[in-house]
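# Topology and contacts: notes
Chain by chain, the residues run as shown.
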Amino acid sequence: MKEVVFNRKARFLYNLKEKFEAGLALQGSEVKSLRSGRCHLKDAYISFRGREAFLQKAHISPYGPASVHNHEPERLRKLLLNRKEIERIQGLVQQKNMTCIPLRIYFKKGKAKMEIALAIGKTQKDKREDLKKRADTRQIHRALKRKR
């Protein structure tokens with residue numbers, strides 16, 4: 001599997017509960033652009049319209065050599081999931097005030113896939129605790145390294 005892009009802020013801003021793998025319906029120039037690593041998931045999220053899931057605000061840069069047949073950088077992209085998975089995710093998002101966010105995009109057997117997660121937003125206190133834990137573990141590792 002070749003990982004294209006990873007949403008680094010997702011783990012800091014959200015508590016991740018459940019993960020799913022979804023396919024992406026892309027145009028040719030989008031695939032070429034993804035293969036060259038020109039994608040951002042910074043403000044992206046998953047929305048539902050009827051019984052379909054869509055990726056919104058994911059920026060895939062235009063592919064230079066495609067010129068005339070290029071794509072819009074932030075267009076809606078359909079996610080390819082089973083009907084049961086879509087209903088489950090959509091139900092949890094509506095009932096339990098969860099959010100569905102993209103975590104990473106990668107290629108698996110030549111197909112573009114996306115890992116999405118159901119998440120609950122962290123409070124400011126939770127974020128501070130995570131930063132403190134990370135700093136403490138860094139100090140412990142440094143101290144152990146010095147003793148060796």
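Everything here concerns the structure above.
Before going into details, it helps to say that this report is about the structure given with it. (Residues numbered from 1 in each chain as written. Predicted model: local features only at pLDDT ≥ 70, side-chain atom pairs only at ≥ 80, totals over all residues. Heavy atoms only, no water.)

## A word on the sheet that holds strand E7 (residues 77-80)
The strand order E1-E8-E9-E2-E7-E5-E4 describes an open sheet built from 7 strands, whose pairing is antiparallel. With one partner strand each, in any of the chains shown, strand E1 (2-6) and strand E4 (45-49) form the two edges of the open sheet. Geometrically, the sheet is characterised by an average inter-axis angle of 40° between neighbouring strands, direction not taken into account. Relative to E7, strand E5 (residues 52-56) runs antiparallel, the two being bridged by 3 bridges. When the bridges of E7 are listed, Ala53 appears paired with Leu79. Taken strand by strand, helix H2 (residues 28-35) contacts E1, E7, strand E8 (99-108) and strand E9 (111-121), and its axis lies near 80° from that of E8. (Pairing = 2+ DSSP bridges. Helix = DSSP H or I, 4+ residues; strand = E, 2+ residues; numbered from the N terminus. Axes fitted to C-alpha atoms, helices over the stretch in contact; angles between N-to-C directions. Contact = heavy atoms within 4.5 Å.)

## With respect to the packing of aromatic side chains
What the rule picks out here adds up to 0 aromatic pairs. Here the basic side chain of Arg35 rests over the ring of Phe107, its NZ or CZ set 4.1 Å away from the ring centre. The ring centre of Tyr106 lies 4.3 Å from the NZ or CZ of Arg104, which sits over that ring. (Phe/Tyr/Trp six-rings, centres within 6.5 Å; stacked < 30°, edge-to-face > 60°. Lys NZ or Arg CZ within 6 Å of the ring centre and 35° of its normal.)

## Some thoughts on helix H3 (residues 83-95)
End to end, H3 covers 18 Å across 13 residues, agreeing with the expected 18 Å (1.5 Å per residue, within 8%). Ile86, Ile89, Gln90 and Leu92 are the residues of H3 that are buried. Axial view of H3: buried residues confined to an arc of 165°, hence all on one face. Exposed side chains of H3 directed beyond 90 degrees from the buried face belong to Arg83, Lys84, Gln94 and Gln95. The inward-facing, buried residues of H3 abut strand E2 (14-24), E4, E5, E8 and E9. Looking one or two residues past H3, Asn97 carries a phi angle of roughly 55°, positive in sign. (Expected span 1.5 Å × (residues − 1). Buried < 20%, exposed > 50% of the residue type's maximum accessible area, 1.4 Å probe, protein only. Arc of directions from axis to C-beta.)

## Quick notes on the pattern of salt bridges
What the rule picks out here adds up to 10 salt bridges. The salt bridge partner of Lys108 is Glu21, with a shortest N-O separation of 3.5 Å. With Lys108 in strand E8 and Glu21 in strand E2, this pair connects stretches of sequence that are 87 residues apart. For Lys108, a relative accessible area of 32% translates into the label partly exposed. (Salt bridge = Lys/Arg side-chain N within 4 Å of Asp/Glu carboxyl O.)

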